[in-house]
Amino acid sequence: MGSQKDITPSCLKIWKPLACLDERSDERIALLFLNSESHQPQDGALHEKRLKILWKKAAYKALVDGAANSLYFGTSRNQFIPDVISGDFDSVKPEVLEFYKKKGCEAVHTPDEDETDFTKAVRIAVEKMTTQPLKVDSIVASGDFGDRFDHTIANVNTLYTAHTLTDVPLYLLMGQSLTFLLTKGKHEIHVNTGLEGHWCGFIPFGQPCRSVTTTGLMYNVSEEPMEIGGLISTSNEVAAGAEVVTIETDQPLVWTMGVKSTV
């Protein structure tokens with residue numbers, strides 16, 4: 001196995017994380033709405049402007065268990081009809097599930113407790129993308145991290161699982177933050193939509209990185225080791241005038257960034 005320095009330019013991965021919210025882009029997405037106890041019609045996944053933008057870009061729309069309650073009670077329920085509702089159905093109200101089934105929505109019961117409803121929803125989306133003529137540029141999971149740290153870590157764990165299932169990027173869009181997994185290699189993150197918030201960070205979950213190099217940030221690193229309990233990057237910022245951030249890493253990193261509150 002070659003060292004990180006041996007990685008060729010052909011391995012460069014391009015990311016356009018906020019294309020899903022950029023009304024000027026032609027991004028096509030698979031949209032997953034996650035269950036959250038803190039959903040309210042005016043915030044998170046159900047922010048009206050955000051919802052309309054995401055829905056318009058979605059070639060596939062799925063609700064994860066109790067997220068169906070938020071869509072049903074928080075919006076004009078006949079305006080937003082998903083393709084699939086999935087989960088163990090311990091949160092969705094029976095009348096809500098029945099309403100969407102009558103509208104032609106497929107209900108997929110996933111009782112397996114070894115995986116979260118989010119992970120199982122990703123598996124369903126990937127299956128739909130491989131068995132149907134469904135072309136998407138990314139999978140966007142929208143919801144709210146809320147006040148449950150274990151749920152937050154479970155969502156990050158799903159990023160790692162998803163990497164084993166598909167090459168299609170998976171973005172976690174939670175409130176005013178967007179998070180995704182950078183695997184080993186070279187990455188180019190486009191940050192020029194005007195929708196980016198002021199902060200960003202990158203964190204080595206799971207195992208240490210022996211060498212991380214970045215450009216385009218206020219606080220760059222050069223061939224630095226990073227690990228939980230050692231160096232991590234939080235409260236960083238994109239450098240003034242930069243439109244692209246590059247990261248080269250020898251092990252996976254979780255990238256997270258702010259999203260403006262106007263969208």
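Look up a bit, the structure's there.
Rules used throughout
Residues numbered from 1 in each chain as written. Predicted model: local features only at pLDDT ≥ 70, side-chain atom pairs only at ≥ 80, totals over all residues. Heavy atoms only, no water. Core = buried A, V, L, I, M, F, W, Y, C linked by side-chain atoms within 4.5 Å. Buried < 20%, exposed > 50% of the residue type's maximum accessible area, 1.4 Å probe, protein only. Contact = heavy atoms within 4.5 Å. Pairing = 2+ DSSP bridges. Helix = DSSP H or I, 4+ residues; strand = E, 2+ residues; numbered from the N terminus. Axes fitted to C-alpha atoms, helices over the stretch in contact; angles between N-to-C directions. Disulfide = S-S within 2.5 Å. Parallel < 35°, antiparallel > 145°, perpendicular 65-115°, else oblique. Nonpolar A, V, L, I, M, F, W, Y, C, P; charged D, E, K, R; others polar. Salt bridge = Lys/Arg side-chain N within 4 Å of Asp/Glu carboxyl O.

(A) Geometry of the nonpolar core. Ranked by size, the top nonpolar core spans 48 residues in total, and within it Leu21, Tyr100, Ile189, Phe202, Ile247 and Trp255 carry the most contacts. Among residues more than four places away in sequence, those in contact with Tyr100 are Leu63, Ala68, Leu71, Tyr72, Arg77, Phe80, Ile81, Pro82, Ile85 and Cys105.

(B) Fine view of the sheet that holds strand β11 (residues 209-215). Taking strand neighbours across the sheet as the criterion, the five strands line up as β1-β9-β14-β11-β12 in an open arrangement whose pairing is mixed. Bordering the open sheet on either side are β1 (13-15) and β12 (224-226), each of which pairs with just one other strand. Direction aside, the axes of adjacent strands within the sheet are offset by 30 degrees on average. Bridge count between β11 and β12: two bridges; the pairing is antiparallel. Each bridged residue has a counterpart across the sheet, and for Val212 the counterpart in β12 is Glu224.

(C) Fine view of the sheet that holds strand β4 (residues 84-87). With respect to topology, ten strands assemble into an open sheet ordered β5-β4-β3-β2-β6-β7-β8-β15-β10-β13, the strand pairing being mixed. Among the strands making up the open sheet, the edge pair consists of β5 (106-109) and β13 (233-236). Strand-to-strand twist across the sheet, computed as the mean angle between neighbouring axes with direction ignored, equals 20 degrees. Note that strand β7 (residues 170-174) and strand β8 (residues 177-182) share three bridges and pair antiparallel. Residue pairing across strands places Met174 opposite Ser177, the latter belonging to β8.

(D) The arrangement of the state of the cysteines in detail. Taken as a whole and judged by the stated rule, the model has zero disulfides. The thiol of Cys209 is unpaired, and the distance to the nearest cysteine sulfur, on Cys200, comes to 16 Å.

(E) Expanded view of the packing of helix α2 (residues 67-74) against helix α3 (residues 94-102). Between α2 and α3, the least distance of the axes is 10 Å, while the angle of their chain directions is 75 degrees. For the element pair α2 / α3, the angle class is roughly perpendicular. In contact with Ala68, Asn69, Leu71, Tyr72 and Phe73 of α2, α3 contributes Val96, Phe99 and Tyr100. In terms of residue class, the contact of α2 with α3 is built from seven nonpolar, one polar and no charged.

(F) Geometry of the pattern of salt bridges. Applying the stated rule across the entire model yields seven salt bridges. For Glu115, the salt bridge is made with Arg123, and the minimal N-O distance between the two is 2.8 Å. Accessibility expressed as a relative area gives 23% for Glu115, which makes it partly exposed. The residue Lys120 makes a salt bridge to Asp117 at a minimum N-O spacing of 3.3 Å. One end of the pair is Lys120 and the other is Asp117, both in helix α4 (residues 117-131) and three residues apart, which spans about a single turn. Given the relative accessible area of 5%, Lys120 is considered buried.

(G) Spatial organisation of the environment of Ile232. Its location among the elements puts Ile232 in the loop between β12 and β13. In this structure the C-alpha to C-alpha distance between Ile232 and Ile203, which are 29 residues apart in sequence, comes to 5.5 Å. Ignoring anything within four residues of it in the chain, the contact list for Ile232 reads Phe202, Ile203, Pro204, Met226 and Glu227.

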